[in-house]
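A structural walkthrough
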Amino acid sequence: MEKGNQSSLTQMALQALTKAVAKAVKDHRRRGIPLAVWRNGRAVSIPAAQAGKLREAPNPDRIKSHGAKS
């Protein structure tokens, strides 16, 4: 796969993942179901009311692909 196509595919995957997470958070808020999130190396549940404190989009500085140089 060419490097330009790989970058485009990565962006499309991140967009799809972001939309899926937003949909899941919205559904949990609507239904009042706690969300499972990853914090400090552990999976924890948070009340749906706290879901507004979650970032709407991923932090691009924390996303690294295999072989990425930092």
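Topic: the confidence of the model for the protein
Per-residue confidence for the protein averages 77 on the pLDDT scale, and 66% of its residues sit at or above 70. Ranking the elements of the protein by mean pLDDT puts helix 1 (residues 3-31) last, at 87, and strand 2 (residues 42-46) first, at 93.

Some words on the pairing of strand 1 (residues 35-39)
Looking at chain direction, strand 1 and strand 2 are connected through five bridges and run antiparallel. Residue pairing across strands places R39 opposite R42, the latter belonging to strand 2. If you look at the hairpin formed by strand 1 and strand 2, you'll find two residues sitting between the two strands, and N40 has a positive phi there, around 50 degrees.

Definitions and cut-offs
Residues numbered from 1 in each chain as written. Predicted model: local features only at pLDDT ≥ 70, side-chain atom pairs only at ≥ 80, totals over all residues. Heavy atoms only, no water. pLDDT = per-residue confidence, 0-100. Helix = DSSP H or I, 4+ residues; strand = E, 2+ residues; numbered from the N terminus. Pairing = 2+ DSSP bridges.

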